[in-house]
Amino acid sequence: MASSMHCKSIIGRCTVGLRRVNDLKVAACTSWMQHRPLSTKFPEFQNNPQLQSHDQIYQFSLENPDQFWSTLARSRLQWSKDFDTVKDCDIIKGHIKWFLGGQLNASVNCVDRHLDTLGDSTALIWEKDEPGTEEHVSYRQLSQMVNRISNMLKKHGVKKGDRVAIYLPTSPVAIASMLACARIGAVHSVVFAGFSAEALAGRIEDAKAETVITADEGVRGGRKIPLKKVVDESVSKCPSVKRVFVYRRTGMGTLGKNDFSLDDEMAKESDVCDPELMESEDFLFMLYTSGSTGKPKGIAHSTAGYLLYAMMTQKHVFDYKVGERFGCVADIGWITGHSYVVYGPLLNGATTVLFESNPIYPDAGKYWEMTERLKLEHMYLSPTALRMLLKEGDNFVTKYDRSSLRKLGCVGEPLNREAFEWYRDVVGGGRCDVIDTWWQTETGGICITPRPSEEGAPILPGMPMRPFYGIAPALVDQKGEEVTGNDVKGALCIKSVWPGMARTIYGDHQRFLNTYYTPYPGYYFSGDGARRTKSGYYQITGRMDDVLNVSGHRLGTAEIEDVLDDQEEVAESAVVGYPHDIKGEGIYAFVVLKGEHDMPLDKLANELRGMVKTRISSFAQPDMILFAPGLPKTRSGKIMRRILRKVAANKPDELGDTSTLFDPSVVDAIVEKHEEVY
Ligand code: 6R9
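Residues numbered from 1 in each chain as written. Predicted model: local features only at pLDDT ≥ 70, side-chain atom pairs only at ≥ 80, totals over all residues. Heavy atoms only, no water.

Caption draft 1: Spatial organisation of the overall build of the chain. A tally of regular secondary structure across the chain gives 21 helices and 31 strands. A compact globule built from 678 residues should have a C-alpha radius of gyration of about 26 Å, and the chain, at 25 Å, falls within 12% of that. A principal-axis box enclosing the C-alpha atoms of the chain has dimensions of 75 × 65 × 55 Å. Buried residues in the chain amount to 61% of all 678 residues. A fraction of 71% describes how many contacts in the chain between residues 6 or more apart in sequence connect residues 24 or more apart. Carbon and sulfur atoms form 49% of the exposed surface of the chain, whose accessible area is close to 25,400 Å². Looking at the chain, you have 81 positive and 88 negative side-chain charges, and the mean spots of the two groups are 4 Å apart. (Helix = DSSP H or I, 4+ residues; strand = E, 2+ residues; numbered from the N terminus. Rg over C-alpha atoms; globule rule 2.2 N^0.38 Å. Buried < 20%, exposed > 50% of the residue type's maximum accessible area, 1.4 Å probe, protein only. Contact = heavy atoms within 4.5 Å. Areas by Shrake-Rupley, 256 points an atom, 1.4 Å probe, with all protein chains shown as cover. Lys, Arg positive; Asp, Glu negative; His and termini not counted. Charge placed at Lys NZ, Arg CZ, Asp CG, Glu CD.)

Caption draft 2: Local environment of the packing of aromatic side chains. Tallied over the full model, the rule gives 43 aromatic pairs. Taken together, a centroid distance of 5.5 Å and an interplanar angle of 50 degrees make the contact between Trp-98 and Phe-99 tilted. By relative accessible area, which is 0% here, Phe-99 ends up buried. Geometrically, the ring pair formed by Trp-334 and Phe-619 is edge-to-face, given 6.0 Å between the ring centres and 65 degrees between the ring planes. Within this pair, whereas Trp-334 is found in the loop between strand 16 (325–328) and helix 12 (335–347), its partner Phe-619 is found in the loop between helix 19 (601–615) and strand 31 (624–628), the two being separated by 285 residues in sequence. Judged by its relative accessible area of 16%, Phe-619 is buried. Within the aromatic cluster, the residues linked to one another by ring pairs are Phe-42, Phe-45, Phe-60, Phe-68, Trp-69, Trp-79, Phe-83, Trp-98, Phe-99, Tyr-309, Phe-468 and Tyr-469. Looking at Arg-74, its charged tip hangs above the ring of Phe-83, at a distance of 4.1 Å from the centre. Seen from the ring of Phe-195, Arg-203 lies directly overhead, with NZ or CZ sitting 4.2 Å from the centre. (Phe/Tyr/Trp six-rings, centres within 6.5 Å; stacked < 30°, edge-to-face > 60°. Lys NZ or Arg CZ within 6 Å of the ring centre and 35° of its normal.)

Caption draft 3: Fine view of the pattern of salt bridges. Enumeration according to the criterion identifies 44 salt bridges in this entry. Close ionic contact of Lys-87 with Asp-66 constitutes a salt bridge, the shortest N to O distance being 2.5 Å. Within this pair, whereas Lys-87 is found in strand 1 (residues 85–87), its partner Asp-66 is found in helix 3 (residues 65–76), the two being separated by 21 residues in sequence. Neither Lys-87 nor Asp-66 differs from the other in exposure class; each is buried. Across the pair Glu-654 and Lys-646 runs a salt bridge, and its minimum N-O distance is 3.2 Å. Through salt bridges with shared partners, a single network forms among Glu-127, Glu-134, Glu-369 and Arg-373. (Salt bridge = Lys/Arg side-chain N within 4 Å of Asp/Glu carboxyl O.)

Caption draft 4: How the structure looks around the sheet that holds strand 14 (residues 283–289). Spatially, 12-11-8-6-7-14-15-24 is the arrangement adopted by the eight strands of the open sheet, whose pairing is mixed. Both outer strands of the open sheet, strand 12 (259–261) and strand 24 (504–505), are each paired with one neighbouring strand and no more. Bridge count between strand 7 (residues 187–190) and strand 14: two bridges; the pairing is parallel. Residue His-188 lies in a different strand from strand 14, and its bridge partner there is Phe-285. Its contacts with the sheet put helix 7 (residues 172–184) on strand 6 (163–167), strand 7, strand 8 (211–215), strand 11 (243–247) and strand 14, and the angle it makes with strand 6 is roughly 175 degrees. Across the sheet, helix 12 is in contact with strand 7, strand 14 and strand 15 (297–302); its angle to strand 14 comes to roughly 140 degrees. (Pairing = 2+ DSSP bridges. Axes fitted to C-alpha atoms, helices over the stretch in contact; angles between N-to-C directions.)

Caption draft 5: Broad picture of the nonpolar core. Of all hydrophobic cores here, the largest spans 160 residues; its most connected members are Phe-99, Leu-142, Leu-153, Ile-175, Tyr-343 and Leu-346. Looking at which element gives the most residues to this core, the answer is helix 7, with ten residues. The contacts of Tyr-343, once residues within four sequence positions are left out, are Ala-106, Cys-110, Met-178, Leu-179, Ala-182, His-188, Leu-284, Phe-285, Tyr-306, Leu-307, Ala-310 and His-338. (Core = buried A, V, L, I, M, F, W, Y, C linked by side-chain atoms within 4.5 Å.)

Caption draft 6: Structural view of the sheet that holds strand 19 (residues 407–411). Strand order across the open sheet formed by seven strands is 5-4-17-16-18-19-20, with mixed pairing between neighbours. Only two strands of the sheet have a single neighbouring strand rather than two, namely strand 5 (134–138) and strand 20 (433–437). Going from strand to strand, the sheet's axes swing by 20 degrees on average, the running direction of each strand aside. By the bridge criterion, five bridges tie strand 19 to strand 20 in an arrangement that is parallel. Across the sheet, the residue bridging to Lys-407 is Asp-433, located in strand 20.

Caption draft 7: Highlighting the environment of Ile-471. Looking at where Ile-471 falls in the secondary structure, it is placed in the loop between strand 20 and strand 21 (473–476). Take Ile-471: its relative accessible area is 0%, and that puts it in the buried class. Not counting the four nearest positions on each side in its chain, Ile-471 is found in contact with Tyr-58, Leu-62, Tyr-309, Cys-447, Ile-494, Ser-496 and Trp-498.

Caption draft 8: Expanded view of the site of the ligand. Every one of the 17 residues lining the ligand counts as a neighbour, but Asp-436, Thr-437, Thr-441, Arg-543 and Arg-554 are closest to it. Arg-543 is positioned with one of its side-chain polar atoms (N or O) 2.8 Å from an oxygen atom of the ligand. Protein chains bury 95% of the 530 Å² of accessible surface belonging to the ligand in isolation. Every element with two or more residues in the shell around the ligand is listed here: helix 12, strand 20 and strand 26 (538–543). For the shell around the ligand, the per-class residue count stands at six nonpolar, six polar and five charged. (Near = heavy atom within 4 Å. Polar contact = N/O pair within 3.5 Å; in protein donor to acceptor, adjacent residues only side chain to side chain. Nonpolar A, V, L, I, M, F, W, Y, C, P; charged D, E, K, R; others polar.)

Here it is in structure tokens:
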């Protein structure tokens, strides 16, 4: 590790300068903040009397980002070559680069560096779908798997910079495959193994991936999912794919011409593989997420910046200590799985749980039985799961011993008060911090979260509250002006730059700029709205664009409309979200049919749902379908979704002004049909 190299500070080139930082001080000042001891210590700053409280360190991270992040990058990551430039960022241009000149490898940081001290410690606990079955994988065993897969990929021609699609259930082989890509410098693109063949094909094609890693079958909630069959169907539409590796999860199926058994190929390889030296800014992975229009976006993350941010947030938000078991139950197909099942925990030498199952299999006690059996200190889950479980009653929780739990995290959607209180009081018995974390695929890691903060700082229901180190949230009004003071609302933006932020949309940098940097010049725009409360805390008010959040899964309304519109009887459609008790948001489709049609409406509704399932995934199927005589449109032809949202939310009295509509009578006709949904 080289650490003596001179570090050129280029803060002057970053448009987020000290000018703005002064307002940040005001925004962050809240009445409870006194200089009390910090709960999560930074050894890096322990000799600096100016950097002892949380507030001091937070302010330092905003005022001296180069010093803050470079100190941590050098002390926490292992570099093959030190960086010479801390950052080169211009937020106006959406130009983000960190730790230039440095070289490192993600798999070395996640695995190799722990071998001397933690080689025999458990890295992964695979909580398999079969109730009560777990498998432990030590850091040494993980290293062997990663190296074998790395050698296998190399032997089959996979090179640095190639994209590899991973369509696997959450399992040790999936984690080893991700890290093997990182080891040889390939960019992994994990696709949630619940997406349909068509959705998978679109992602493979967009990434121009030549290699797919999958399993014969997945198992979830006792049901088998024919993953290889889905891959076969996708690959038949993707000429770029040259090879498919198939992991044996259940032992089903046969191999075709370009298929290889992952297990057999791995067994042939050595468990030693030299890591590729990667530049800090080389892509580590891409991950598709939905936007308000068009195809899903391949959000690309860099190596060094992403790793540092995932590592820092996992450690400090959860106050993670080596030896503890970290139970993030997200699937690896989502960003939460990337940052808090794989990269964050492994970088910190943690024992991380790989949860393959679902929260109600075999019954609603699944998480808590697992908590008792694995003695988990940390749980990190979704509000949807909590809402579903709390309806099943407390007995499923209280019959298990949860005394190991220390921190209870939550992510993906707003955590409503009832679910917050149940999590805190029933699950945690009032002993644990409940940590509602706000962040996005694009932010790489947690950005707003009640912890870390000063010892004893309050945690309130319904909001993620406080920015993480280096994050300067800003609420911006429609004119692009920052809204200052407290008890205000606006578009949730971030005006600082941080290492974990996404670098581009793969293959479409212009779309990246248009989506995140053009709407409010000088700010990163999240797409969410937020409120700063009287006490200066952040509360998320929901998406400001046409993105739905169904059980924490992001879906573009346009993606669903595209599928519905392809049915030959359908003239046009409009999809909106509506409040749903369990899922947070449900999907409501207004469908206009072409003149005459023969099919009974219930049959048509089933067919439409089936199409959405086949082309996207089952979680994208509309809950409600209303066959409307027309859609409410302005004179310029724009659908007034505001009105449809009110109908969907069953608030026909709150439609507001409809006079600017081209044909206001359409609204009455829709309201009349409101009872007749399919
Ligand atoms: C990590 C993740 C991001 C969107 C985000 C927002 C919503 C996430 C939230 C939350 C309220 C929270 N969201 N966390 N809303 N409170 N604590 O979920 O990434 O799949 O990209 O979704 O999810 O709307 O913009 P991603």
